[in-house]
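In case you want the letters, here they are:
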Amino acid sequence: QFIALDTNKCIRCRQCYEACTYFQCSDAIDFEDTPNLNTNCVSCGLCLDLCPTGALEERISAGKPGPFHYEQVKTFCPHCGCGCNLVLNIKGDKLFTVTTRTTAAPGYGHTCRQGRFDSFDYLSSPKRLKAPLLKKDGKLVEASWDEALERVATEFKRLHQEHGPSSLAAIGSPRATNEANYLLQKIFRAQLGCNNLDYPAGQSHRATLTGLAKTLGTGAMTSSLSEIEKAEVIFALGNLIEENNPIVATALRRANRTLGNRLITVSSTEVELGRFAEPAFIIPKENKLDFLQSLIKLLLELNLYDKDFVAANTNGIETLEKSLAQVDHLETVARADILPSTFEEIVRALATASSVAFVYSEDLTADANGARKVEAIANLAMLTGRLGQPQSGIYPLYRHINAQGAMDMGMSPSCYPGHVSVSDLQGNDRFSNVWSGQLPDSPGFSYRETIESAHQKKVKGLFLMGENPIATEPEREKIQEGLKQVEFLVVQDMFLTQSGELADVVLPSTGFTEQEGTLTNTERRTQKLRPALTAPDGPLPDWRILADLLNRLDTGASYTDAQSVYQEIITVVPFYEGLTYDRLEEGGLQWPYTEKNSSGMLTLDDLKKPLEFAVAD
Ligand code: SF4
Ligand code: SF4
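Residues numbered from 1 in each chain as written. Chains lettered and ligands numbered in written order. Predicted model: local features only at pLDDT ≥ 70, side-chain atom pairs only at ≥ 80, totals over all residues. Heavy atoms only, no water.

Break down the overall build of the protein for me, citing the residues and quoting the values.
For the protein, the count of helices and strands is 22 helices and 26 strands. Projecting the C-alpha coordinates of the protein onto the three principal axes gives extents of approximately 70 × 70 × 50 Å. The proportion of buried residues among the 617 residues of the protein is 60%. For the protein, contacts bridging at least 24 residues in sequence account for 70% of all contacts bridging at least 6. Total accessible area on the protein stands at roughly 24500 Å², and carbon and sulfur atoms take up 47% of it. Of the side-chain charges in the protein, 60 are positive and 79 negative, and the distance between the mean point of each set is 2 Å. (Helix = DSSP H or I, 4+ residues; strand = E, 2+ residues; numbered from the N terminus. Buried < 20%, exposed > 50% of the residue type's maximum accessible area, 1.4 Å probe, protein only. Contact = heavy atoms within 4.5 Å. Areas by Shrake-Rupley, 256 points an atom, 1.4 Å probe, with all protein chains shown as cover. Lys, Arg positive; Asp, Glu negative; His and termini not counted. Charge placed at Lys NZ, Arg CZ, Asp CG, Glu CD.)

In structure tokens form, the structure reads like this:
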């Protein structure tokens, strides 16, 4: 579909074969005299970049033959939490091809199909909204921005006055920019006095944030995506690494096949990566916590833990040991049909390898035990001394491009920007001063509680930004019914979605390549968006819509551009302080960026002292 092969141009250099077999590890090129693409091809595009003669070429529907001289705009892929670097090749106002830079993280010249070929078709859809919509006489009709935003401000103020702050809620998005999430939570906290802020995947993401913050002091990936494949042992948990984060799945295959490192997978269903794993454990979802705790227990029983690291850097090993009294690893292995000798060998590998990467996809944390599983992974990393060193570490993989950023920006019922608890008195004082408003100090509704409260008609005013939960989340009918009960519903989106059809006001936003802003990927890398294509008349950038709304609620607020919002962010989120706008120019930076540590890895100095083992029950 995307790749044209002309074997007449092939000079038999075999570069495509080598790349597909040993770098992409897809085995999609059979090479006898010339290459032949088989059905394993996942359209990553790597062979296109390497073919020196154009025997393999991208199909371009340009209407006329090239060569073309493009304007090139550096950006990154919005389709998963990795945010691989991309270059948009534009002619006029049309996007022709997408390429990638070998010198820039993330990806270093490699993407998956979504980044390379699927990226931005939706931008030219005729279904895009062209103007705000207001519900009049039961129908959505076009209106001016002034009328639409005035209606939103007036209705939220009225509901606040009549029913109090807890009658209001906002659902942000891990796909929207840092600036948009920051402004949305600021409007609801500082102007409307409520912490009812979340997004549909928030609970699963916060399991990582809270689990790692409790044990390590920082709720994020401890090293960089590019380090994972270098670890001697990669312990990969979860079912969705290939589906959610394709470039990481490729790195894990490559680690095993090309670099000779060991991959161990733990999933609850068979996964493609299992073909590369030694062994590939299948553990039912409900037994994964027990599985992790059994590894810890055996590690301690065999006295294999890193005593120097534990003595120098941690607290609470005795309490951890006591809390594992009820864990029976023999029962665990019997239930999972694993040989005890295999289980012990894994424990020895985790303890003795020169480096270990603990990697997990976000489905691992999507249940009530999510934070406890993250704590168990952190316990394992501490016991084996895998923190503060490159290659080793804990690597949570988020599905959404700005999941880390949304949490960093305070799109959470329990945390302000910078992961500061809303119940922390000092934090509450600090943000009350910065935002000149009295802030609530108890956690608000989570996403689920918001939908539940909408059903019960307790949430009367709801702002939905960039999410369409009726289409994307489980229990669609329940969500639909909940949204119907909301007295005043606002939806901000590029399209008229199912959720938008129920709204009282729909605010049209611009797309990813049409606006400025920043996003923070799964490795804590904040990258800068550049407007590459001209937005159609009508829609506005997310941050602009919210800045205008804030201005109607607080006449003191004034943001002139996305950079001015970002400037405020780096003053209120201490670990963003070093990530100044100009420093983000070349591929972005990972927080916390300091003169002392610009490597992207969290050193032991960046983590809490001492690190704290979490008890097992
Ligand atoms: S596009 Fe990727 S998967 Fe397909 S043949 Fe080329 S290198 Fe292999
Ligand atoms: S791995 Fe993720 S970020 Fe990279 S190109 Fe694919 S979808 Fe985009």
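Next, the rest of the story.
Which residues make up the environment of Val266, and what values do they have?
Tracing the sequence through the fold places Val266 in strand S13 (residues 262-267). Considering only alpha carbons, one finds Val266 and Ala280, 14 residues apart in sequence, at a separation of 6.1 Å.

Outline the nonpolar core, listing residues and values.
One broad rule of soluble globular proteins: the nonpolar side chains tend to lie buried together. Counting 68 residues, the largest nonpolar core has Phe156, Leu183, Phe188, Phe463, Leu507 and Tyr576 as its most contacted members. Each of domain 2 (133-201 + 402-575) and domain 3 (205-399 + 607-612) gives at least three residues to this core. Discounting residues that sit within four places of it in the chain, Leu507 has contacts with Trp145, Ala148, Leu149, Phe463, Val490, Val491, Gln492, Asp493 and Ile545. Leu289, Leu292, Phe343 and Leu364 belong to the second-largest nonpolar core, a separate cluster that totals 50 residues. (Core = buried A, V, L, I, M, F, W, Y, C linked by side-chain atoms within 4.5 Å. Domains from an automatic or database assignment.)

How would you summarise helix H22 (residues 562-572) if you had to cite specific residues and measurements?
In an α-helix there are 3.6 residues to a turn, and that puts residues three or four apart on one side. Taken together, the buried positions of H22 are occupied by Ala562, Val565, Tyr566, Glu568, Ile569, Ile570 and Val572. Residues of H22 that are buried make contact with helix H5 (178-191), helix H16 (425-435), strand S23 (517-520), strand S24 (525-529) and helix H21 (542-553).

For the packing of helix H9 (residues 288-301) against helix H14 (residues 370-383), give the residues involved together with the corresponding values.
Between H9 and H14, the shortest axis-to-axis distance is 9 Å and the interhelical angle comes to 20°. Taken together, H9 and H14 sit at an angle that is classed as roughly parallel. Read as a crossing pair, H9 and H14 show a hand that is left-handed. In this structure, H9 uses Lys288, Leu289, Leu292, Gln293, Leu295, Ile296, Leu299 and Leu300 to contact H14, whose residues at the interface are Arg372, Lys373, Ala376, Ile377, Asn379, Leu380 and Leu383. When its residues are assigned to classes, the contact of H9 with H14 shows ten nonpolar, two polar and three charged. (Axes fitted to C-alpha atoms, helices over the stretch in contact; angles between N-to-C directions. Parallel < 35°, antiparallel > 145°, perpendicular 65-115°, else oblique. Left-handed = near helix turned anticlockwise from the far one by under 90°. Nonpolar A, V, L, I, M, F, W, Y, C, P; charged D, E, K, R; others polar.)

Any details on the domain arrangement of the protein? Residues and values, ideally.
Segmenting the protein into domains produces domain 1 (3-124), domain 2 (133-201 + 402-575) and domain 3 (205-399 + 607-612). The centre of domain 2, based on its C-alpha atoms, is set 35 Å off from the matching centre of domain 3. Counting residues at the interface gives 15 residues for domain 2, matched by 14 residues for domain 3. Interface area, domain 2 with domain 3, both sides summed: about 1300 Å², of which 55% is carbon and sulfur. Contact with domain 3 buries area across many residues of domain 2, yet Met407, Thr522 and Arg524 alone supply 41% of it, more than any other trio. The interface formed by domain 2 and domain 3 contains one salt bridge. Summed over the shared surface of domain 2 and domain 3, the result is eight residue pairs in polar contact (both at pLDDT 80 or more). If one sorts the elements of the side of domain 2 that touches domain 3 by residue count, helix H15 (residues 403-408) sits on top with three residues. Of the residues in the side of domain 2 that touches domain 3, the class split is five nonpolar, seven polar and three charged. (Buried area = accessible area lost by both parts, 1.4 Å probe. Salt bridge = Lys/Arg side-chain N within 4 Å of Asp/Glu carboxyl O. Polar contact = N/O pair within 3.5 Å; in protein donor to acceptor, adjacent residues only side chain to side chain.)

Got a sec to walk through the sheet that holds strand S10 (residues 168-171)? Specific residues and values, please.
Taken together, the seven strands give an open sheet; going across it, the order is S9-S8-S22-S21-S20-S10-S11, and neighbouring strands pair in mixed fashion. In this open sheet, the two strands that pair with only one neighbour each are strand S9 (139-142) and strand S11 (197-198). Where strand S21 (residues 488-493) lies against strand S22 (residues 505-508), four bridges are found, and the strand directions are parallel. In the sheet register, Asp493 faces S22, and the bridge partner there is Pro508. (Pairing = 2+ DSSP bridges.)

Would you mind going over the site of ligand 1 in detail, with residue names and values included?
Inspection of the region around ligand 1 gives Ile3, Cys20, Ser26, Ala28, Ile29, Leu37, Cys41, Val42, Ser43, Cys44, Gly45 and Cys47 as its neighbouring residues. Within the shell around ligand 1, the residues separate by chemical class into nine nonpolar, three polar and no charged. (Near = heavy atom within 4 Å.)

Can you explain the site of ligand 2? Please cite residues and give values.
Looking at ligand 2, the residues that line it are Cys77, His79, Cys80, Cys82, Gly83, Cys84, Thr111, Cys112, Gln114, Gly115, Pro246 and Ile247. Secondary-structure elements contributing two or more residues to the shell around ligand 2 are helix H3 (113-117) and helix H8 (246-257). Broken down by class, the residue content of the shell around ligand 2 amounts to seven nonpolar, five polar and no charged.

Got a sec to walk through the side chain of Thr497? Specific residues and values, please.
Here Thr497 shows up in the loop between S21 and helix H20 (498-501). The class of Thr497 is buried, set by a relative accessible area of 10%. Those residues in contact with Thr497 that sit more than four places away from it in its chain are Asn468 and Val491.

Break down the packing of helix H17 (residues 447-455) against helix H19 (residues 476-485) for me, citing the residues and quoting the values.
At a closest axis distance of 7 Å, the pairing of H17 and H19 adopts a crossing angle of 60°. For the element pair H17 / H19, the angle class is oblique. Relative to H19, H17 is oriented so that their crossing is left-handed. In this structure, H17 contributes Tyr447, Ile451, Glu452, Ala454 and His455 to the contact, and H19 contributes Lys478, Ile479, Glu481, Gly482 and Gln485. Of the residues contributing to the contact of H17 with H19, the split by class is four nonpolar, three polar and three charged.

Got a sec to walk through the pairing of S9? Specific residues and values, please.
Sheet analysis places strand S8 (residues 133-136) next to S9, joined by four bridges and oriented antiparallel. When the bridges of S9 are listed, Lys136 appears paired with Lys139. Between S8 and S9, which pair antiparallel one after the other, the connecting turn spans two residues, and Asp137 there sits at a positive phi close to 50°.

Can you explain the sheet that holds S13? Please cite residues and give values.
Spatially, the five strands line up as an open sheet ordered S14-S13-S12-S16-S17, and their pairing is parallel. If you trace the sheet from one side to the other, it starts and ends with strand S14 (280-282) and strand S17 (393-397), each paired once. Mean inter-strand twist for the sheet, computed between neighbouring axes without regard to direction, equals 15°. Relative to S17, strand S16 (residues 356-361) runs parallel, the two being bridged by five bridges. In the sheet register, Phe358 faces S17, and the bridge partner there is Ile394. In the packing of H8 onto the sheet, contacts are made with strand S12 (233-237), S13 and S17, and the angle to S12 comes to roughly 145°.

Tell me what's going on with the environment of Ser26, and back it up with residues and numbers.
Relative to the helices and strands, Ser26 is located in the loop between helix H1 (15-23) and strand S2 (29-31). Sequence separation of Ser26 and Cys44 is 18 residues, and the distance between their C-alpha atoms is 9.6 Å. Once residues lying within four places of it in the same chain are set aside, the contact partners of Ser26 are Cys20, Asn40, Val42 and Arg253. Among the polar contacts listed, one links the side chain of Ser26 to the side chain of Gln24, at a separation of 2.9 Å.

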